[in-house]
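# Observations on the three-dimensional arrangement
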Amino acid sequence: MGDTFSRLDDAFRGENADVLLRQDPAGIAPERALVFESLLPIQNFQKAAAKAGFELLIEDRLGDDHEIPDEMIDDYAENAAPTLYATMPSTAELEKLLSLWRSYQAQEKAELGYAPWWNLFAMLSDVRVWGPQDRLTAEVRDELAYRLDQDDESPLRLELEIWPTANASLRARWQRETQAKIVGLGGRILATSAIDEADFIYQAVLAEMPNASVRAMLDNPMAPEGIATLDGLQFILPQMVAQSLPDKSGTQHVLEDVPLEPFDGNAPFRVVLLDGTPIAAHPALNDGVIIEDVHELVPLSQVEHRRHATSMASLILRGDLKADGVPVPDTRLLAIPILVDDENGASSPNDRLFVDLVHVALARAFLGDDALAPEAHLVNFSVGIRNAHFAGKIGSLARLLDWWSERHGLLFMVAAGNVPASLTIPGTTYMNFEDAEPAERRMLVETALKENRHTRTLMAPAEAMNVLTVGASSQDLTEPAAPSPAGTIALHNNGQVFPALSSAIGLGAFRSIKPDFLATAGEHELRVSSAGSAGVALRVIDKTQRTGLHVASVQRGVAGSYRTRGTSCANALASRAGLFSIASLMESDGPYADTPLTPRDKALLTKALSINASAWPETAVTRFAQECAPNPRQHARAREEVSRYYGHGLLDSIRMREAPPTGATLVGLGTLRKDKAAIFQVPLPPSLSGERIGRSMLATIAWFSPVRPTRARYRLAALDAVAHGYDMFGELIPDDGWALAMKSDQLDKNLIGRGTVWSRRLIHNAATVPSFGEGLDLPIRVQCRDSSGGGLSPDDDIPFALVVTIEVESGASFDIHQEIEEKLRVGVRSEE
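Summarised in this report is the structure supplied together with it. Quick caveat, the model's predicted, so the values are computed rather than measured. (Residues numbered from 1 in each chain as written. Predicted model: local features only at pLDDT ≥ 70, side-chain atom pairs only at ≥ 80, totals over all residues. Heavy atoms only, no water.)

Helix 10 (residues 211–219) packs onto helix 8 (residues 138–150) with a crossing angle of 145 degrees between their chain directions and a minimal axis gap of 11 Å. When you trace helix 8 past helix 10, the crossing you get is left-handed. Where helix 8 approaches helix 10, its residues Arg141, Leu144, Ala145, Leu148 and Asp149 are matched on the opposing element by Asn211, Val214, Arg215, Met217 and Leu218. Residue composition of the contact of helix 8 with helix 10, by class: six nonpolar, one polar and three charged. (Axes fitted to C-alpha atoms, helices over the stretch in contact; angles between N-to-C directions. Helix = DSSP H or I, 4+ residues; strand = E, 2+ residues; numbered from the N terminus. Left-handed = near helix turned anticlockwise from the far one by under 90°. Contact = heavy atoms within 4.5 Å. Nonpolar A, V, L, I, M, F, W, Y, C, P; charged D, E, K, R; others polar.)

See the structure below:
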């Protein structure tokens, strides 16, 4: 790096360093993003950067294909973890950098707090400015080229994201420069956004550009007169377009003349729907849905096309209209349209920045003295970003939802996304596939999904860390309307649970468990066709009323219902289950009947109960065994593979609000800080002592972690739990058997520790329960740590919910629920 620092040194020895440095458009200069590439992550570098006056804007893990300089290969080839740090230095900060480099070169000892700079200098593989190759990634270039090929005449719309520095005046200047450049190239400014919140900054310009200008940028990104060389731009992106796919389910049915229990028109809003415009006056929704047209989009949506939002509201408030229909107690739904409905489904307005659209909607719903839904704790988000499948980087919309979750205590329920493309299955023919048994077909499909999973990943913003991401299980709640027609094919026998073919696949950010769980989504009927030498093609039948969930609809001005399916439906039913679970906690005989709960409390309890009530079905257990078969020692890899499709398992909505028939579920709330813990005393049923009986236990923690987009380890707070026993002196000691001789089941400790839910599943490890004395409690220690390497402040409060379920096999001669209830006064004490 000597030459780079020598040029910097020469400039500062001159009369006007700013002018000299800016003469080279590709060189280091004040207020030009400076990038350090290190072969290893530098511990505490953010603090050391701040001490030197630097604002660290990005800390990001580089790919494994990052080039290691020849002179460093011998030392770092085996253990390299290349990391990028981006800063925005001023003239004074560049002088400080040069001073630190001189001291390092002179082999002087680093002053207190500056040692991370010495470590960085020792591991530098490059120091450079943020350039066009960073602003305009290969994936974006490919997408823009594709859009140009699709339509070579219409202007192209770009989102230009300004660097999120805390310096608002600098951002404003960069925005003015960006807008001037756009106009100078023949473009047009459509919208701007400036969100400046504590720990979340987003500033962007939406521009319409002539095709010729975009092609010129792709052909020569380094052109000095082009957009890609603007210092103030962090990213150049195609316009973010949110969508719900068109519903081709077919003609609606006449609404059955069955009286529906009415909604309480004075009930509070407990859930907010961000979607298109629902038909609030539908008989199944009347008085239960109120529309607030924050963005003035309702007049743009024709009533006959308002299918998706109406379906979501119907499933959230009524469930399947034939199988259920009961309204959620004391609840109304507030709908804030963020999409425009038309014959092609619904999509976000093309003259708005979607991140800004969502932020404004949430602010109107939850902030200020005139907030529309101050008592709501759940936001249903069943729309996705077109062509934005997760590829390892957390997008700006997901970061916004993560920030809102942590800062304002909201639970976002997000659909994993539907993958519309058909699936090609090699190595078989149409006749062989059709003649095969369902189990054999399923194995062929699973192999094909595994080979193509990189094209079927989560749809943004489903990668967000603090949200619950819901996948689809191909199941109905009512019988099919008719026998299977010719040409359809089954992949499973009746009653078996499988992810829907069109449900997007995990994992999530930082290899966390995503989707979080599956929920009933309506049966997906499949049709197979020959793909010639490539094998066969399998696709979901869109236009069918034989299967699916019954939801409200309107056609030609007549209210009715129709059957539909997909991850949006799964997300809506999971949202409904969450609302019912809170209602059950607060009813007259519920554990919080006399205890007021804040919206944040309800959000955390819903999150924890959802995961705690999900478990791998038998099909997931079978898949795990198949994954382990080639190498029985690869249990961790096999569990991770299964969780890509099933997450924590299939949601059991009944277990969210009721204890298991032969067990008990305990719930608790608490708040922790970094390196602190809280102990919950769980009473053990006396009748279990010494009993020979099968048993299981689940312990689930849910929290909203602070996040920092500037850190490679984006999630700041990690929580987990350990069980304790007592030694002969009455002191607490770790108990791996959780007092009942248990062992891990399904997901392992490493996999469950990557997200913002932690769910330990245990099953008996011995036939007989260890003997214990009357009145024994199981102390469960919930603990918090910094998972980011220095980003979590010791003053940050991390509220959490804990859910514990203890269950014994059927046929027990005693009632552990009653025994625990009689003893239970769950106490929590803080531990310093």
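Continuing now.
The next subject is helix 15 (residues 438–451). Its 14 residues place the ends of helix 15 20 Å apart at the C-alpha level, agreeing with the 20 Å of an ideal helix rising 1.5 Å per residue. Among the residues of helix 15, Pro438, Arg441, Arg442, Val445, Glu446, Ala448 and Leu449 are the ones counted as buried. One side of helix 15 holds all its buried residues, which, seen down the axis, span an arc of 165 degrees. Of the residues in helix 15, the exposed ones pointing more than 90 degrees away from the buried face are Ala439 and Glu451. (Expected span 1.5 Å × (residues − 1). Buried < 20%, exposed > 50% of the residue type's maximum accessible area, 1.4 Å probe, protein only. Arc of directions from axis to C-beta.)

This part takes up the sheet that holds strand 23 (residues 526–530). The four strands are arranged 19-24-23-21 in an open sheet whose pairing can be described as antiparallel. The open sheet terminates on both sides in strands that have one partner only, identified here as strand 19 (423–425) and strand 21 (488–489). The sheet contact formed by strand 21 and strand 23 spans two bridges and is antiparallel. Looking at strand 23, one finds that threonine 488 is bridged to arginine 527. The sheet strands contacting helix 15 are strand 19, strand 21 and strand 24 (536–540), and the helix crosses strand 19 at an angle near 115 degrees. (Pairing = 2+ DSSP bridges.)

With that out of the way, let us pick up the sheet that holds strand 37 (residues 798–808). The five strands are arranged 29-37-31-35-34 in an open sheet whose pairing can be described as antiparallel. Looking at the sheet topology across the chains shown, the edges are occupied by strand 29 (663–672) and strand 34 (742–744). For this sheet, the mean inter-axis angle between neighbouring strands, taken without regard to orientation, is 20 degrees. The pairing of strand 29 with strand 37 spans ten bridges and is antiparallel. Each bridged residue has a counterpart across the sheet, and for glycine 663 the counterpart in strand 37 is glutamate 807.

Further remarks concern the pattern of salt bridges. Taken as a whole, this structure holds 33 salt bridges when the rule is applied. With a closest N to O distance of 2.7 Å, aspartate 134 and arginine 128 form a salt bridge. Each member of the pair, aspartate 134 as well as arginine 128, is classed as buried. Ionic pairing is found between arginine 188 and glutamate 208, a salt bridge with its closest N-O pair at 3.0 Å. Of this pair, arginine 188 sits in strand 6 (residues 188–197) while glutamate 208 sits in strand 7 (residues 200–209), and the two are 20 residues apart along the sequence. Looking at arginine 188, the relative accessible area reads 45%, which means it is partly exposed. (Salt bridge = Lys/Arg side-chain N within 4 Å of Asp/Glu carboxyl O.)

With an omega dihedral of 10 degrees, the bond running from alanine 460 to proline 461 counts as a cis peptide bond. Mapped onto the elements of the fold, proline 461 is located in the loop between helix 15 and strand 20 (468–473). Cis geometry marks the peptide bond from glycine 506 to leucine 507; its omega dihedral reads 15 degrees. Mapped onto the fold, leucine 507 is located in the loop between strand 21 and strand 22 (517–520). Although it is not a glycine, aspartate 199 sits at a positive phi angle of roughly 75 degrees. Tracing the sequence through the fold places aspartate 199 in the loop between strand 6 and strand 7. The exposure class assigned to aspartate 199 is partly exposed, which follows from its relative accessible area of 37%. A positive phi is found at aspartate 330, a non-glycine position, where the angle reads about 50 degrees. Tracing the chain through its elements places aspartate 330 in the loop between helix 11 (308–318) and strand 13 (332–337). Overall, aspartate 330 belongs to the partly exposed group, its relative accessible area being 40%.

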